[in-house]
Amino acid sequence: MKIHALTTGAVRLKQAFLHPRSGPRRQLDLFLPSPWSEPMPIHCWAIEHEGRLLLVDTGEVATARNISFARFEVAREQELPSAMAAAGLSLEDVSAVVLTHHHGDHVDGLSHVRAPVRIHDAELQFLGGAFPRVMRRVLRQPLPDGFAPEPFALDGGPFGAFARSRALSDDGRVVAVETPGHTPGHVSVICVDDSGRHVMLAGDATDSLEQLKARRADAIGPDPKVHVATLDTILAHCAQHPTVYLPSHDPDSAARLAGAVTVS
Ligand SMILES: [Zn+2]
Ligand SMILES: [Zn+2]
């Protein structure tokens, strides 16, 4: 098995997003002035396994509009095709795409992909609801043209500390697990690498390893309690299995993947 970190540009986030206050200010502060972070990577991931090439998320595109709490720094030559070429991979070889959740910086690159696309059924249901629809209009963040992923159920039983999962490879070494919080249907993908370590492609389960260890809910999840419960489950999983934890926007994720650095 080979796992590649692909980088489709960067995003700067408000400190109010990365370190939200609790209570009503958690979301209100996103719309008020706040210092900006350094550029953080927008990663997606490619897994070569069983003669197939699976993408986990597809990254951002250059036409993405900034929003009140996120500024995108993506050039056309940083979009998915170039990010894959930089890793020695070709879009033509993609067998399938799995999405961690429906946000633009994870799905906009689908405009480059012709392979089948899948998303957790709970996320598909959520993104069709009234609130996400209004937010996409207010924030001018439409779903990409032709966005029509196939839903899948997490009906594969427990995996490590996670109550619900779904195998994504024939041998069960690539598994989607439920990590709700950032969005209600968010999933992460765990790959059991050739050394038996768990490489967890965590999407936006958190923005960083630091946020996981701090057990801090983010600013935009609908229910902070659900988010914190997921962080506790991830930490329990990391305690059970040596786990390389890779959030999409953590500046240290690519180095942790390269060095197989597990959560301690
Ligand atoms: Zn997100
Ligand atoms: Zn994201």
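Shown above is the structure to which this text applies.
To keep things clear, this report deals only with the structure shown in the data block. For every chain, the first residue of the written sequence is number 1, and numbering continues from 1 along that sequence. As they are written, the chains are lettered A onward and the ligands numbered 1 onward, keeping that order. For this predicted model, a pLDDT threshold of at least 70 governs which residues receive local features, and a threshold of 80 or more governs which side-chain atom pairs are given and counted, while totals over whole chains, interfaces and linings are taken from all residues.

1. Some remarks on the sheet that holds strand β12 (residues 243–247)
No. 1: Strands are treated as partners if at least two bridges between them are detected by DSSP. Strands are runs of DSSP state E lasting at least two residues, helices are runs of H or I lasting at least four, and both sets are numbered from the N terminus onward. Pairing is mixed in the open sheet, where five strands are placed in the order β8-β9-β10-β11-β12. Each of the sheet's edge strands pairs with one partner strand only, and the pair in question is β8 (165–167) and β12. The mean inter-strand angle of the sheet, taken between neighbouring strand axes irrespective of direction, is 20°.
No. 2: Relative to strand β11 (residues 198–203), strand β10 (residues 187–192) runs antiparallel, the two being bridged by four bridges. If you follow I190 over to β11, its bridge partner there is M200. To define axes, lines are fitted to C-alpha atoms, for helices over the stretch in contact only, and angles between the resulting N-to-C directions are given on a 0 to 180 degree scale.

2. Side note on helix α6 (residues 130–138)
No. 1: Counting other C-beta atoms within 10 Å of each residue's C-beta, where C-beta atoms are placed from the backbone, gives the exposure class: buried for 20 or more, exposed for 12 or fewer, partly exposed between. In terms of residue burial, α6 counts as a barely covered element, since only zero of its nine residues are buried.
No. 2: Once α6 ends, the next one or two residues include R140, with phi positive near 50°.

3. A short note on unusual backbone geometry
For residues that are not glycine, phi is negative in most cases, and the peptide bond is trans in most cases.
No. 1: Of note in the backbone geometry, D57 takes a positive phi value of approximately 70° without being a glycine.
No. 2: Mapped onto the secondary structure, D57 falls in the loop between β3 (52–56) and β4 (70–73).
No. 3: One non-glycine residue with positive phi stands out, namely A260, at about 50°.
No. 4: With respect to the secondary-structure elements, A260 resides in the segment after α9 (253–259).

4. Overview of the nonpolar core
No. 1: Grouped together as the largest cluster of nonpolar side chains are 46 residues, with contacts concentrated most on W45, V56 and V189.
No. 2: Any residue pair is listed as a contact if its two C-beta atoms, each placed from the backbone, are within 7 Å. What V56 contacts, discounting residues up to four positions off in sequence, is C44, W45, I47, V98, T100, V189 and L201.
No. 3: Within the second largest apolar cluster, 14 residues are counted, among which are V11, F17, A64 and A70. To form a nonpolar core, buried Ala, Val, Leu, Ile, Met, Phe, Trp, Tyr and Cys residues must be joined through C-beta atoms within 7 Å.

5. Regarding the sheet that holds strand β5 (residues 96–99)
No. 1: Spatial ordering of the open sheet is given by β4-β1-β2-β3-β5-β6-β7, a layout of seven strands whose pairing is mixed. Across the chains shown, the open sheet's two edge strands, defined by having one partner strand only, are β4 and β7 (150–152). Averaged over all adjacent pairs, the angle separating strand axes in this sheet is 30°, with direction ignored.
No. 2: Relative to β4, strand β1 (residues 2–13) runs antiparallel, the two sharing four bridges. Bridge assignment links R12 to a residue of β4, and that residue is R71.

6. Topic: the pairing of strand β6 (residues 117–120)
In the case of a regular strand, side chains alternate between the two sheet surfaces.
No. 1: Inspection of the sheet shows β5 paired to β6 by three bridges, in the parallel sense. From the neighbouring strand, V98 faces β6, where its bridge partner is R118.
No. 2: Two strands pair when backbone bridges link them, and β6 and β7 are joined in this way by three bridges, in the parallel orientation. Considered in β7, the bridge of R118 is made with E150.

7. Things to note about the environment of P132
No. 1: Residue placement: P132 occurs in helix α6.
No. 2: Judged by local crowding, P132 falls into the partly exposed class, with 19 C-beta atoms found within 10 Å.
No. 3: The spacing of P132 and H102 is 30 residues in sequence and 10.0 Å in space, taken between C-alpha atoms.
No. 4: Apart from the residues within four sequence positions on either side, P132 is in contact with F126 and L127.

8. Considering the pairing of β3
No. 1: Along β3, four of the five residues are buried, which leaves the element largely enclosed by surrounding structure.
No. 2: Note that strand β2 (residues 40–49) and β3 share five bridges and pair antiparallel. Bridge assignment links H49 to a residue of β3, and that residue is R52.
No. 3: Where β2 folds back onto β3 in an antiparallel hairpin, the turn is made up of two residues, including E50, whose phi is positive at roughly 55°.

Taken by themselves, the reported measurements are silent on function.
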